[in-house]
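# Remarks on the overall topology
Next come the chains, spelled out residue by residue.
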2 protein chains.
Amino acid sequence: MSTISERRERERAHRHQLIITAARELAESEGWEAVTTRRLAERVEYSQPVLYSHFNGKDAIVSAVALDGFTELAAHLRRARQSAPGPGQAALRAVCHAYLEFATERPALYQAMFILPTDLKFASSETPPALRAAFDEFVDCFDPDNRRRELYAEVTWSALHGMAVLSDSGRIPPEPQEERLDFLVTQITR
Amino acid sequence: MSTISERRERERAHRHQLIITAARELAESEGWEAVTTRRLAERVEYSQPVLYSHFNGKDAIVSAVALDGFTELAAHLRRARQSAPGPGQAALRAVCHAYLEFATERPALYQAMFILPTDLKFASSETPPALRAAFDEFVDCFDPDNRRRELYAEVTWSALHGMAVLSDSGRIPPEPQEERLDFLVTQITR
DNA sequence: ACGACATCCTAGCAATGCTTGGCATTCTGT
DNA sequence: ACAGAATGCCAAGCATTGCTAGGATGTCGT
């Protein structure tokens, strides 16, 4: 095990991340339909087969982008929650607002995380920690004594996802989003 | 204008619908990724270009399937709502239950309506009446005096859509769906 | 210095959505 | 009744997609 192979390893890891960020940037600037393996290869200045030496296929690349997205989302939600004191309506409102903000400001990333087909395992022990962490930010907005707080979090999350996706695709008008958010939080926290 | 051209017109309309139902059946039995223009053409026993003489492209075919879906959804929701007396929690509960039932029992159709890219115009004057009708079933569950019942309906719909799509893709466990539904309806109706 | 190995690219495959060109058949005007 | 126009339809082809095979080039340990 020479230092040279270590350097190779480093370079390889670096290139791995390069592919992921290139895919993400391309998606964010031109949409996922513009992310083809050819364009992506060109962007990272390697040939197509190199992509496949790093990932099992295009879906795996999307999954990797999504995974990064979950990490960012978790951090974003955490910041929001900690801006409000303790569990309660204020915390939930902050987290929900941050969630919608994330979805509208990074639509391509959000798509990778929640809409596009990915290789990620969700409802299992293989659930990525980042996804669990993001979800927990919702859970932690409710009283720890509340036996059903996980369920509450699931419903809240579902509602936000629906609002994000339906308004982004123009199925509901986007303007009253804030008002919808207010109504949702008010009702959920009785 | 001979009767012959009328017959032609009829046959053409018939074939139009044939394409739509063939696309839907194919999607429902093997998923939308199996719906290719070639397989679809083979199924209706015409050549590919015939599809394009009826529709502007594949997306337009998906849109047509979705449109049929909205009609069915509206009828399904209406039946549910009328099984409960007047506006109120019971009506809303029935409609919400029917919505989730529709989504889980016709996943491919639901996908065409809400997830796949389509040509349909939503938040405009060109909104298909069937979609508006389905939406109104939610609105009619709330008190007519309620100034914000449209907003309530939007939030309810969003939550249901989120629950449907997140549980279908395995992002939240599917079992407690009924419990989530109960919680949602209870909170929304104060 | 040389064989073994890793790295990377050119070229190609099958499948996809969509279009072109031309062949029948049918309709229309005289 | 019949030539020319219009229509309906299909075989074949185009460009693009995700993905892979095979070989060229360089690197490593000995």
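In this text the structure is predicted, and so the values were computed from the model without any measurement. (Residues numbered from 1 in each chain as written. Chains lettered and ligands numbered in written order. Predicted model: local features only at pLDDT ≥ 70, side-chain atom pairs only at ≥ 80, totals over all residues. Heavy atoms only, no water.)

## Comments concerning the overall build of chain A
Within chain A one finds nine helices and zero strands. The order of helices and strands in chain A, counted from the N terminus, is α-α-α-α-α-α-α-α-α. Each principal axis of the C-alpha atoms in chain A carries an extent, and together these give about 60 × 40 × 30 Å. Burial statistics for chain A: of 190 residues in total, 49% are counted as buried. In chain A, 62% of the contacts between residues at least 6 apart in sequence involve partners at least 24 apart. In the structure as shown, chain A presents an accessible area of about 9,500 Å², 50% of it carried by carbon and sulfur atoms. (Helix = DSSP H or I, 4+ residues; strand = E, 2+ residues; numbered from the N terminus. Buried < 20%, exposed > 50% of the residue type's maximum accessible area, 1.4 Å probe, protein only. Contact = heavy atoms within 4.5 Å. Areas by Shrake-Rupley, 256 points an atom, 1.4 Å probe, with all protein chains shown as cover.)

## Side note on the UniProt feature "DNA-binding region" (unreviewed entry) in chain A
Look at the UniProt record and you will see "DNA-binding region" (unreviewed entry) annotated at residues 36–55 of chain A. Its end C-alpha atoms 14 Å apart, residues 36–55 of chain A is made of 75% helix and 0% strand. (UniProt positions renumbered as here; feature names shortened; annotations may be inferred.)

## A few points about the domain arrangement of chain A
All names here are of chain A. Examined at the domain level, chain A breaks down into domain 1 (1–54) and domain 2 (57–188). Here domain 1 and domain 2 have C-alpha centroids that lie 28 Å from each other. Contacts between domain 1 and domain 2 engage eleven residues on the former and 14 residues on the latter. The three residues of domain 1 that bury the most area against domain 2 are I20, R24 and W32, which together make up 58% of that side's buried surface. Summed over the shared surface of domain 1 and domain 2, the result is one salt bridge. Across the pair R24 and E72 runs a salt bridge whose closest N-O atoms are separated by 2.5 Å. On inspection of domain 1 and its partner domain 2, the count reaches four residue pairs in polar contact (both at pLDDT 80 or more). Ranked by residue count, the leading element in the side of domain 1 that touches domain 2 is helix α1 (residues 3–30), at seven residues. (Domains from an automatic or database assignment. Buried area = accessible area lost by both parts, 1.4 Å probe. Salt bridge = Lys/Arg side-chain N within 4 Å of Asp/Glu carboxyl O. Polar contact = N/O pair within 3.5 Å; in protein donor to acceptor, adjacent residues only side chain to side chain.)

## With respect to the interface of chain B and chain A
Across the boundary between the two partners, chain B contributes 34 residues, which contact 34 residues of chain A. Carbon and sulfur atoms supply 66% of the area that chain B and chain A bury against each other, a total of about 3,100 Å² over both sides. Summed over the three residues of chain B that lose the most area to chain A, namely B:R171, B:F183 and B:Q187, the buried surface amounts to 24% of that side. If you look at where chain B meets chain A, you find four salt bridges. For B:R148, the salt bridge identified is with A:E179, shortest N-O distance 3.1 Å. Along the contact surface separating chain B from chain A lie six residue pairs in polar contact (both at pLDDT 80 or more).

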